[in-house]
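Single-letter residue listing:
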Amino acid sequence: MKNVLTIGEAMGLLIAEETGPLEAVEHFSRHVCGAELNYAVGMARLGNNVSYISKVGIDPFGRCIVNFLKENNIHEQYVWTDEDHMTGFQMKEKVVEGDPFVANIRKHTAFSHFQPSDLSGIDWTGVNHLHVTGIPLALSQSCRETIYTLMMRAHSKGVRISFDPNLRPMLWKSEEAMARVINGAARYADIVMPGLGEGRILTGRESEQDIAQYYLQRGVQTVVIKLGGSNGTYIRTEQEEFYVPSYHVKHIVDTVGAGDGFAVGFTSGLLDGLTLEDAARRGAAIGAMAIQVAGDNEGLPTREKLEAFQSSHS
């Protein structure tokens with residue numbers, strides 16, 4: 001069992017139970033969401049010891065999130081409550097094919113008021129891995145400073161850091177600011193995992209090889225570029241480079257959370273001592289499992305389900 005730490009904004013999620021524009025939908029099912037929350041769920045289901053850093057409001061969604069963490073064996077001792085601000089939430093369309101439209105209600109939320117001083121109570125003893133995404137960097141200046149502080153502390157303590165840019169352009173004032181801030185954070189990471197389209201936006205380079213080289217030149221040890229859909233993944237370090245194929249999935253239900261599933265598989269594989277190639281195969285497997293289920297984290301597997309999937313999809 002490895003000790004894993006992650007930070008992010010956990011939100012309530014209302015998923016439409018019928019197709020059509022959200023303003024016309026009458027029935028929704030309640031869930032929780034957040035890229036980093038998905039990651040925490042996936043890592044905990046694989047048997048890791050996961051602590052989640054966040055801040056929620058004193059409201060039904062906030063209480064639901066804390067209960068959800070407990071139910072999924074995720075430590076919530078670093079989830080603080082804010083009496084003055086609400087928990088954010090999302091509303092997601094139901095679609096027959098393609099990506100669903102998601103409405104974000106997350107301005108001036110509890111998490112957006114996170115401060116670097118809120119990190120003072122974190123115990124780094126035995127922490128093996130920190131996973132961060134670029135989403136909190138967009139939410140406020142104090143969130144940005146918090147993420148930089150957390151990454152620098154982890155780096156100084158020799159904790160391996162993975163960073164998924166997870167771009168949310170609608171949360172940024174400009175594409176230029178988004179690229180500058182996210183690339184500033186990436187330099188503290190050991191592993192950077194952009195999608196190909198994200199890498200093009202962030203670096204101004206076109207090919208996966210050139211995007212990877214951009215981050216290697218800035219001190220990143222391993223670059224993992226998700227090529228999208230069935231195109232697999234490109235992995236590069238200073239010593240090697242290779243491609244890993246995707247798993248074929250016949251029926252895609254919901255693509256949201258596939259990237260988080262890949263991050264779970266890849267980083268858990270490295271913590272288990274797998275090679276980069278085998279870790280990427282595990283990431284591809286969990287990403288494939290995630291898109292066959294509605295909801296952002298319902299498809300993330302236990303270790304037994306993961307092994308059964310990989311055995312039957314060789």
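Residues numbered from 1 in each chain as written. Predicted model: local features only at pLDDT ≥ 70, side-chain atom pairs only at ≥ 80, totals over all residues. Heavy atoms only, no water.

- Where an unreviewed UniProt entry is consulted, the protein appears under the name Sugar kinase, with the organism given as Megasphaera massiliensis.
- The Sequence similarities (unreviewed entry) field of the UniProt record for the protein holds the comment "Belongs to the carbohydrate kinase PfkB family." (UniProt positions renumbered as here; feature names shortened; annotations may be inferred.)

**Focus: unusual backbone geometry**
What you tend to see is this: most non-glycine residues have negative phi, and most peptide bonds are trans.
(1) Moving on: For His108, which is not a glycine, the phi torsion comes out positive at approximately 55°.
(2) Moving on: Positionally, His108 belongs in the loop between strand S8 (102-105) and strand S9 (129-133).
(3) Moving on: The class of His108 is exposed, set by a relative accessible area of 62%.
(4) Moving on: Located in the positive-phi region is Asn166, a residue other than glycine, with phi close to 45°.
(5) Moving on: Structurally, the position occupied by Asn166 is in the loop between strand S10 (160-164) and helix H4 (175-186). (Helix = DSSP H or I, 4+ residues; strand = E, 2+ residues; numbered from the N terminus. Buried < 20%, exposed > 50% of the residue type's maximum accessible area, 1.4 Å probe, protein only.)

**Quick look at the pattern of salt bridges**
(1) Moving on: Scanning the model with the defined rule gives seven salt bridges in all.
(2) Moving on: A salt bridge links Glu9 to Arg106; its shortest N-O distance comes to 2.8 Å. Of the two residues, Glu9 sits in the loop between strand S1 (3-7) and strand S2 (11-19) while Arg106 sits in the loop between S8 and S9, which places them 97 residues apart along the sequence. Like Arg106, Glu9 is buried.
(3) Moving on: Note that Arg281 is salt-bridged to Glu277, the shortest N-O span being 3.1 Å. A residue pair is termed a helical-turn pair when its members lie 3 or 4 positions apart in one helix, as Arg281 and Glu277 do in helix H8 (residues 276-290) at four residues.
(4) Moving on: Exposure remark for Arg281: the relative accessible area of 30% places this residue in the partly exposed category.
(5) Moving on: The partly exposed category is assigned to Glu277, whose relative accessible area is 33%.
(6) Moving on: Salt bridges linked by common partners bring Asp272, Arg282 and Arg303 together as one network. (Salt bridge = Lys/Arg side-chain N within 4 Å of Asp/Glu carboxyl O.)

**A short note on the environment of Ile191**
(1) Moving on: For Ile191, the location among the structural elements is in strand S11 (residues 191-192).
(2) Moving on: Contacts of Ile191, omitting those with residues within four sequence positions, involve His129, Arg160, Ile161, Ser162, Phe163, Val220, Thr222, Val224, Phe266 and Leu270. (Contact = heavy atoms within 4.5 Å.)

**Some details on the packing of helix H5 (residues 196-203) against helix H6 (residues 208-216)**
(1) Moving on: Packing of H5 against H6 brings their axes to within 10 Å, and their N-to-C directions diverge by 55°. The angle between the axes of H5 and H6 places the two elements in the oblique class. Helix-helix and strand crossings are classified by hand; for H5 and H6 the assignment is left-handed. Across the interface between the two elements, Leu196, Gly199, Arg200, Leu202 and Thr203 of H5 pack against Glu208, Ile211, Tyr214 and Tyr215 of H6.
(2) Moving on: Class assignment for the residues of the contact of H5 with H6 results in five nonpolar, two polar and two charged. (Axes fitted to C-alpha atoms, helices over the stretch in contact; angles between N-to-C directions. Parallel < 35°, antiparallel > 145°, perpendicular 65-115°, else oblique. Left-handed = near helix turned anticlockwise from the far one by under 90°. Nonpolar A, V, L, I, M, F, W, Y, C, P; charged D, E, K, R; others polar.)

**A word on the layout of surface pockets**
(1) Moving on: Of the voids in this model, the second largest pocket is the one considered here, and its volume is about 450 Å³.
(2) Moving on: Lining the second largest pocket are 16 residues, with Ala138, Leu139, Ser140, Leu171 and Trp172 positioned closest to its centre.
(3) Moving on: Of the residues that constitute the lining of the second largest pocket, the class distribution is six nonpolar, six polar and four charged. (1 Å grid on protein atoms, 1.4 Å probe; cavity = no way out; pocket = protein on both sides within 12 Å on 5 of 7 lines; lining within 4 Å. Points joined across faces, edges and corners; volume = space filled by probe spheres on them.)

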